[in-house]
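# Residue-level structure breakdown
Listed below, chain by chain, are the residues.
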Amino acid sequence: MLSRQNPSHFRPKSKPQTTSAAAAADERRRVSVDDDRPTTSRKARPPCRAQRSAQLAGRPPPPPEDVHDDARLLRSDFRTRAPHAPCPWHINWFFIGPCCKLIIGNNMIRLLWHRRDLRINDNELYHAGAHKIYSVFVFDPSDYALRPTGISDADGGQLLSINHGPHFTRALLDAVQSLRCNLKRLGGNLIVRTGDPVEIIPKLAQSLRVEEVAWCEIPGYFEYTQSENLKKIFLGGGPYRCKVRTTCSSLVHPNDLPKDEFTWKRLSRPKEKQKKRKPKSEADASAESSSHDFCSAVAHISPSRFIGMPAIMGDFRRAARPHAGNVDPHSERDETFRIAPVRALYSKPNPIHIAQDFPDLDMQDIPSLEELTQPLLDTNIPLLGCIPMKLIHKLIRSSSDMQKKNLNVEEHCMQHIQKFVKDNAASAKRSLCDVSNSDSSKLSTPLALGVLSPQQVYRCVKEHQSQQPETLDWLISHLEMRDFFLFDSFRSGRNAYRLHPRLPSHKPNSFRKWLPLSDNKDKFTQWASGQTGLPLVDAGVNELVSTGYISNRVRQNMASVLTKDLHLDWRLGAEFFQLCLEDHCVAANFGNWIYFAGVGGDPKNRHFRTISQALRYDPDGRYVRKWIASLKDCTEDSLEEVLRPWAFRKDWPSPIVPPETQLTWQDREWLERSGRLRPKSHDE
């Protein structure tokens, strides 16, 4: 293959000088395409920044980068590429008369390890210049076996839990089955394996003799360590060496974020006067350029990459907002710092690039839900020290009943988001407890599994935003929040699982005190079993165990009771949610619990009064009556009983905390004065 470092190898031979205007224009056109610059000079192109960085560091030049398969992009002038578009290193140039063609001269074979990117549409790893792509998914048995949580028990050991609960496993199996069917439609197939990916992926790569292994980076310290171990194996520490390509399932690509603390501060607090940036030495500039440009095919997610990122969500969103440029008002040179826009969508992969030959390769069947949840049934150790076994059986039974076999999950989710954005998003009452009536996008599960990409959601919203400019902004805001938790998880590493992940960045900048589980095991068991005596909280537990999903409003109320009323370790709630949720994502789950418990960078005291919350966000009692069997017989004429059943029923258990602590002062005064929570017009 011809090297782009020496353009003279493939330049056309010079033509005799002519005074013809057409000939001169033709000459300028050929030189402009060849040199990729608006100039008539025939000098060799100087090395780019990535090459200079490699030369200074004594490394080989960068490997081939991304090339779109779209012929329209290849024929376009490279000067029109987006700022983040990598340089097409492995393109051969052939000149035919006065015209030129671009022909991909790349026969690279890639192994794509699917993790949380279970889709074929808008998947970068099905493009990026690969000639043949094999796809594999690995079921890791350690995800379904008991593991330590880091939470101490009464005996000095650690409480145990699992990574993938029954509902998440059910959703995962549906998505993997759908991915295999979609690949078969393209003439390929999905290789399925069970075991440790760090052992399986290198062996598979060697047997297929691939030149590159690609995967999507996902949050979680264990997952990050897994990814780093594979990089070490493929890039020099193992028996089989090859290239590595990674991406990330965020809205804004991590490589497009600000690259230093100074820029983060300028963007997050644009109205504050900042100290002038010290000029960088040549060595520092070279090292920074090297770290960011040496291999743009790798998503940089190491904790050092996020130094300077704000600890407050609002500051992060202001700095990394993808749909607006960020101007530095204090720059003497009127300098503008801009976050790269949301990257363009990738098309459906071309079937000719999907591997269709699998010589002597056992594709293997996808495990069943029963096989993957069997270790949970076989254990004789209670999860989190006190989760009753009957709750585990109910989780497994309900997840089995909800399996969607033979459903094209990717296609179904795409149709759902398009319909929701078009018909329901503008009028959705997403703050309600019951969001079953198209009042929620229900995108958490597709995004957690990678069945949809954030970019697909973003583009879908933008398509309809011209008709409803402000009513759809909340969807993009939620994608920005998701990015914050994602990047904060990468930055925190294993610290995200500590009782105190970090000291708050502003007052009250002191650690909160938590009661030991050994003295409060009964209270946690009541909370996790839906027996707190607080209707809204108990209804939330029942829905969570039965469906694997609850609205954000109910999640916040459950978190408030555990952390602000019972003062129990917030990690108990995060682990319980991980066991039960179908949309579990390490970053979103632990990030939200850290945020609500006030143990992260933002220590605000968020205390929800669950009775007052039910009064406002379940005004007709529909949600509570739906999920608590003993209250189903209550009618709309007896809604006061739904809010305070202990005041009307002798068999109702006493609330786990004093009921008055679950009322705002306004509702408490009304109750003391009138003897009821609602004006009579609400019931009569």
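Here the structure is a predicted model, which is why all the values come from computation and not from measurement. (Residues numbered from 1 in each chain as written. Predicted model: local features only at pLDDT ≥ 70, side-chain atom pairs only at ≥ 80, totals over all residues. Heavy atoms only, no water.)

Along the backbone of the protein chain there are 25 helices and 11 strands. Summing over all exposed atoms, the protein chain offers an accessible surface of approximately 32100 Å²; the carbon and sulfur share of this is 51%. (Helix = DSSP H or I, 4+ residues; strand = E, 2+ residues; numbered from the N terminus. Areas by Shrake-Rupley, 256 points an atom, 1.4 Å probe, with all protein chains shown as cover.)

Secondary-structure assignment places Ile200 in helix H5 (residues 197–208). In this structure Ile200 comes out as buried when scored by relative accessible area, which is 17%. Expressed as a C-alpha distance, the spacing of Ile200 and Val138, which sit 62 residues apart in the sequence, is 8.1 Å. The residues touching Ile200, leaving out its near neighbours within four places in the chain, are Val138, Arg193, Thr194 and Gly195. (Buried < 20%, exposed > 50% of the residue type's maximum accessible area, 1.4 Å probe, protein only. Contact = heavy atoms within 4.5 Å.)

This part takes up empty space enclosed by the protein. One pass over the full model with this rule turns up 10 cavities of 30 Å³ or more. The computed volume of the largest cavity comes to approximately 210 Å³. Arg119, Glu124, Thr247, Cys248 and Gln455 are the residues nearest the centre of the largest cavity, which is lined by 17 residues in total. Looking at the lining of the largest cavity residue by residue, the classes come out as five nonpolar, seven polar and five charged. Roughly 110 Å³ of internal volume is contained in the second largest cavity. Secondary-structure elements contributing two or more residues to the lining of the second largest cavity are helix H15 (473–492) and helix H20 (586–597). (1 Å grid on protein atoms, 1.4 Å probe; cavity = no way out; pocket = protein on both sides within 12 Å on 5 of 7 lines; lining within 4 Å. Points joined across faces, edges and corners; volume = space filled by probe spheres on them. Nonpolar A, V, L, I, M, F, W, Y, C, P; charged D, E, K, R; others polar.)

This brings us to the sheet that holds strand E3 (residues 109–114). Taken in spatial order, the five strands line up as E7-E4-E3-E8-E9 in an open sheet, and their pairing is parallel. In the strand order of this sheet, the two ends are held by strand E7 (190–194) and strand E9 (243–248), each with one partner. Taken pair by pair, the neighbouring strands of this sheet meet at an average axis angle of 25 degrees, ignoring direction. The sheet contact formed by E3 and strand E8 (residues 212–217) spans four bridges and is parallel. Each residue of the ladder has a partner; that of Trp113, found in E8, is Trp215. (Pairing = 2+ DSSP bridges. Axes fitted to C-alpha atoms, helices over the stretch in contact; angles between N-to-C directions.)

Turning our attention to the confidence of the model for the protein chain. In the predicted model, the protein chain carries a mean pLDDT of 81, and the fraction of residues at 70 or more is 76%. Counted against residues more than four places away or in other chains, residues 289–294, with its pLDDT under 50, gives 16 contacts. In this model, residues 680–684 is a region of pLDDT below 50 whose contacts with residues beyond four sequence positions or in other chains number six contacts. (pLDDT = per-residue confidence, 0-100.)

Quick look at the pairing of strand E4 (residues 132–139) now. Of all eight residues making up E4, seven are buried, and the element is well covered by its neighbours. Pairing of E3 with E4 involves six bridges; the strand directions are parallel. Considered in E4, the bridge of Leu111 is made with Tyr134. Here five bridges tie E4 to E7, and the two strands are oriented parallel to one another. Each bridged residue has a counterpart across the sheet, and for Val138 the counterpart in E7 is Arg193.

Okay, the environment of Pro535 next. Note on placement: Pro535 falls in helix H17 (residues 535–547). Residue classification places Pro535 among the buried residues on the basis of a relative accessible area of 5%. On a C-alpha basis, the gap between Pro535 and Ile611 in space is 8.2 Å, while along the polypeptide they are 76 residues apart. The contacts of Pro535, once residues within four sequence positions are left out, are Val624, Ile628, Leu631, Val642, Leu643, Pro645, Trp646 and Trp652.

Before going further, it helps to spend a moment on the layout of surface pockets. Quantified by volume, the second largest pocket comes out at close to 1200 Å³. Ser444, His478, Asn552, Arg555 and Asn592 are the residues nearest the centre of the second largest pocket, which is lined by 41 residues in total. Among the elements of the structure, helix H13 (444–449), H15, helix H18 (552–565) and H20 are those that each provide at least two residues to the lining of the second largest pocket. Considering every element that reaches the lining of the second largest pocket, the biggest residue donor is H15, with eight residues. Split by residue class, the lining of the second largest pocket holds 23 nonpolar, 11 polar and seven charged.

Before going further, it helps to spend a moment on the packing of aromatic side chains. The final tally for this structure, using the stated rule, is 17 aromatic pairs. Seen in terms of ring centroids, Trp527 and Phe576 are 5.5 Å apart; in terms of plane orientation they differ by 65 degrees. Their pairing is edge-to-face. One end of the pair, Trp527, is in helix H16 (residues 521–529); the other, Phe576, is in helix H19 (residues 570–580), with 49 residues separating them in the sequence. Summarising the burial analysis for this pair, Trp527 and Phe576 share the class buried. Relative to Trp593, the ring of Trp527 has its centre 6.5 Å away and its plane inclined at 75 degrees; by these criteria the two rings are edge-to-face. (Phe/Tyr/Trp six-rings, centres within 6.5 Å; stacked < 30°, edge-to-face > 60°.)

Turning to helix H11 (residues 389–401), a few remarks are in order. The end-to-end C-alpha separation of H11 is 19 Å, in line with the 18 Å expected for 13 residues at 1.5 Å each. Considered for burial, the residues of H11 that qualify are Leu391, Ile392, Leu395, Ile396, Ser398 and Ser399. Residues of H11 that are buried sit in contact with helix H4 (166–185), helix H10 (369–378), H16, H17 and H19. (Expected span 1.5 Å × (residues − 1).)

Ile387, Phe524, Trp527, Trp570, Phe576 and Phe577 are the most contacted members of the largest nonpolar core, which totals 66 residues. In terms of residues, this core owes the most to one element, H19, which gives seven residues. Excluding its chain neighbours within four sequence positions, the residues that come into contact with Trp570 are Ala496, Arg498, Leu499, Pro501, Trp514, Thr563, Phe590, Trp593, Ile594, Ala597 and Val599. Of all hydrophobic cores here, the second largest spans 51 residues; its members include Phe137, Leu179, Val409 and Val421. (Core = buried A, V, L, I, M, F, W, Y, C linked by side-chain atoms within 4.5 Å.)

Turning next to H20. Counted at 1.5 Å a residue, the expected span for H20 with its 12 residues is 16 Å, and the 16 Å between its end C-alpha atoms agrees. In terms of burial, H20 is largely enclosed, as nine of its 12 residues are buried. Those residues of H20 that sit buried are Val586, Ala587, Asn589, Phe590, Gly591, Trp593, Ile594, Phe596 and Ala597. Each element contacted by the buried residues of H20 is listed here: H15, H16, H18 and H19.

The next point concerns the packing of H15 against H20. One way to put it is that H15 packs onto H20 with a least axis distance of 9 Å and a crossing angle of 90 degrees. Between H15 and H20, the angle falls in the class roughly perpendicular. The residues of H20 that touch H15, namely those facing Phe485, Leu486 and Ser489, are Ala587, Ala588, Gly591, Asn592 and Tyr595. Grouping the constituent residues of the contact of H15 with H20 by class yields five nonpolar, three polar and no charged. (Parallel < 35°, antiparallel > 145°, perpendicular 65-115°, else oblique.)

Quick look at the pattern of salt bridges now. Side-chain pairs of opposite charge can arise whenever the charged atoms involved come near each other. If you walk through the whole model with that rule in mind, you get 24 salt bridges. Across the pair Asp583 and Arg555 runs a salt bridge whose closest N-O atoms are separated by 2.9 Å. Of this pair, Asp583 sits in the loop between H19 and H20 while Arg555 is found in helix H18, placing the two residues 28 residues apart along the sequence. A relative accessible area of 18% places Arg555 in the buried class. Linked through salt bridges whose partners overlap, the residues forming this network are Arg110, Glu124, Glu212 and Arg245. (Salt bridge = Lys/Arg side-chain N within 4 Å of Asp/Glu carboxyl O.)

Moving on, we come to the side chain of Asn408. Looking at where Asn408 falls in the secondary structure, it is placed in the loop between H11 and helix H12 (409–424). Exposure remark for Asn408: the relative accessible area of 16% places this residue in the buried category. Polar side-chain contacts of Asn408 include one of 3.4 Å to the side chain of Ser178. A distance of 2.9 Å separates polar atoms of two side chains, one belonging to Asn408 and the other to Asn182. If we ignore the near neighbours within four places in the chain, the residues touching Asn408 are Ser178, Asn182 and Arg185. (Polar contact = N/O pair within 3.5 Å; in protein donor to acceptor, adjacent residues only side chain to side chain.)

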